[in-house]
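Residue-level listing of the chains:
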Amino acid sequence: MTGLSHKTAAGALAALLACSCSLTPALPSEPPILADMEEPLDLRGEPDDEAARTALQAGSFSGVYLRDARETLEAKLDEPPSVVVARVVENSPAARAGIAQGDLVFEVEVDGGAAREITTPSEWRRLELETPPGAVVTVFLDRAGREAQTRLTFAERVRPAPRVPGERYREEQRIGVVVRTATEVEARAAGLGPGGGAVLVGMSKVSPWRAAGLCFGDLVVALDGRPLTNPQQLLVTAREPARRTLDVTFVREGVTRTVVTRLTRRAQRLKEISLQPLFRYESERGRSEWSVLLGLVDYRATAAAWRFGLLWWFAIEGGDADELQESGS
């Protein structure tokens with residue numbers, strides 16, 4: 001009989017623990033979107049500059065298209081930058097040189113000159129724009145873990161490269177901004193390759209960039225003096241753990257400026273206190289709630305209404321009415 005009682009008690013304890021675990025809400029894995037982020041409607045899309053883009057000097061043609069070899073932002077925070085061949089155009093200079101999809105490209109030499117590191121797709125596009133047709137380019141690459149090199153001769157590009165749709169990136173931990181990829185016209189006007197640069201299209205009301213004088217529409221072209229060849233570099237650089245400030249170079253109405261900006265961090269807020277079954281308190285933006293004695297007494301409030309309850313038979317509720325009243329003079 002004693003053994004049965006022990007088993008019953010152990011079973012009840014296990015059931016209680018299981019119930020407690022199932023009632024505990026899962027912690028969020030991502031911070032909430034900043035409530036005070038301002039994103040002007042007229043900056044939601046890219047400028048209509050396709051006519052200007054097709055009128056730009058087309059540059060040389062290699063036939064190789066690259067992408068970032070790191071698949072996620074977490075990888076970009078932990079791994080060095082690298083690019084991989086995403087596509088090779090049939091019968092192009094790259095195809096004749098034996099470059100294949102999946103090759104990692106890490107360095108080039110133009111006509112036997114100094115080595116030039118390639119870490120982002122925009123650096124390769126800038127190489128195509130700056131290198132004249134007929135130039136011999138030595139490409140150093142990695143194929144299946146083995147280093148190799150090959151040579152290709154750039155050809156004249158007979159039509160503009162395809163337009164690459166822009167993307168938006170949110171940095172809401174250290175700066176509080178939203179940026180979009182610069183268009184090819186914007187990037188090339190700032191001396192960057194297509195895909196480089198970042199246009200500021202959103203800012204938190206307490207963003208340190210706002211305090212430093214940056215404005216919506218500014219084109220960020222460099223961080224700490226290093227060209228911004230990919231907008232995601234902004235997120236990676238800002239989130240370096242030991243970093244406290246960031247030198248930001250940007251272009252506004254054709255004028256280049258540099259400012260030193262500080263970095264911030266997410267504010268912390270107590271969201272819940274629980275002493276089951278006696279007391280529970282929970283708070284989120286615009287809402288709070290507390291209860292005692294398994295909810296026999298509870299109180300809930302939002303920005304527009306409140307409710308107090310006692311046992312199951314008494315409750316009082318109030319809040320905003322559906323009309324305005326004159327304010328006192």
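So, here is what we can say about the structure in this document. No experiment lies behind these values; they were computed from the predicted model shown. In every chain, residue numbers begin from 1 and rise along the written sequence. Confidence filtering applies because this is a predicted model: local features only for residues at pLDDT of at least 70, side-chain atom pairs given and counted only at 80 or more, and all residues used for totals across whole chains, interfaces and linings. In computing side-chain properties, one takes all heavy atoms of the structure into account and sets aside hydrogens as well as water.

### Concerning the environment of Val 64
Inclusion rule: Strands here mean DSSP runs of E at least two residues long; helices mean DSSP runs of H or I at least four residues long; both are numbered from the N terminus. Partly exposed describes any residue whose relative accessible area lies between the buried limit of under 20% and the exposed limit of over 50%, with all areas from a 1.4 Å probe on protein chains only and scaled to the type maximum. Whether two residues are in contact is decided by their heavy atoms: any pair within 4.5 Å suffices.
Structurally, Val 64 is set in strand β3 (residues 64–68). Val 64 gets classed as buried once you look at its relative accessible area, which sits at 4%. Not counting residues up to four positions away in its chain, the partners in contact with Val 64 are Val 85, Arg 87, Ala 94, Ile 99, Trp 124 and Glu 128.

### Observations concerning the nonpolar core
Filter applied, for reference: Grouping buried Ala, Val, Leu, Ile, Met, Phe, Trp, Tyr and Cys residues that are joined through side-chain atoms within 4.5 Å yields what is termed a nonpolar core.
Among the nonpolar cores identified, the biggest contains 20 residues, and Ile 175, Val 177, Trp 209, Leu 214, Leu 234, Leu 246 and Val 248 are the most heavily contacted of them. Only β11 (177–181), β12 (198–204), β13 (219–223), α8 (232–238) and β15 (245–252) provide two or more residues apiece to this core. Leaving out residues up to four positions away in the same chain, Leu 214 has contacts with Leu 200, Met 203, Trp 209, Val 220, Val 248, Phe 250, Arg 252, Val 259 and Thr 261.

### Let's talk about the pattern of salt bridges
Heads up, the rule is: The working definition used for a salt bridge is a side-chain nitrogen of Lys or Arg within 4 Å of a carboxyl oxygen of Asp or Glu.
For the structure on display, the rule yields 26 salt bridges. With a shortest N-O distance of 2.7 Å, Arg 143 and Asp 103 are connected by a salt bridge. One end of the pair, Arg 143, is in strand β7 (residues 136–143); the other, Asp 103, is in the loop between α4 (93–96) and β5 (104–110), with 40 residues separating them in the sequence. When the shortest N-O distance is used, the salt bridge between Asp 218 and Arg 252 registers 2.8 Å. Placement of the pair is Asp 218 in the loop between α7 (208–211) and β13 and Arg 252 in strand β15, with a sequence separation of 34 residues. Judged by its relative accessible area of 23%, Arg 252 is partly exposed. Among the ionic contacts, a cluster of salt bridges with common partners joins Glu 46, Asp 49, Glu 50, Arg 53, Arg 125, Glu 128, Arg 157, Arg 163, Glu 184 and Arg 188.

### Comments concerning the side chain of Thr 131
Test applied: Pairing of N or O atoms within 3.5 Å defines a polar contact, subject to two protein rules: one partner must be a possible hydrogen donor and the other a possible acceptor, and residues neighboring in sequence count only if both atoms are side-chain atoms.
Looking at the secondary structure, you find Thr 131 in the loop between α5 (121–130) and β7. Polar contacts involving the side chain of Thr 131 include one to the main-chain carbonyl oxygen of Leu 127, which spans 2.7 Å. The residues contacting Thr 131, other than those within four sequence positions of it, are Ser 60, Val 110, Val 137 and Phe 154.

### A short note on a nonpolar patch on the surface
Where we set the bar: Patch criteria: residues need more than 30% relative accessible area and no salt bridge. Like-charged residues are merged within 9 Å; nonpolar side chains of Val, Leu, Ile, Met, Phe, Trp and Tyr are merged within 5 Å. Calculation of accessible area relied on Shrake-Rupley with a 1.4 Å probe; when residues are assessed, cover is drawn exclusively from the protein chains displayed.
Taken together, the side chains of Leu 278, Phe 279, Leu 293, Leu 296, Trp 306, Leu 311, Trp 312, Trp 313, Phe 314 and Ile 316 present a nonpolar region at the surface, about 1000 Å² in accessible area. For Ile 316, the position within the fold is in strand β22 (residues 314–319).

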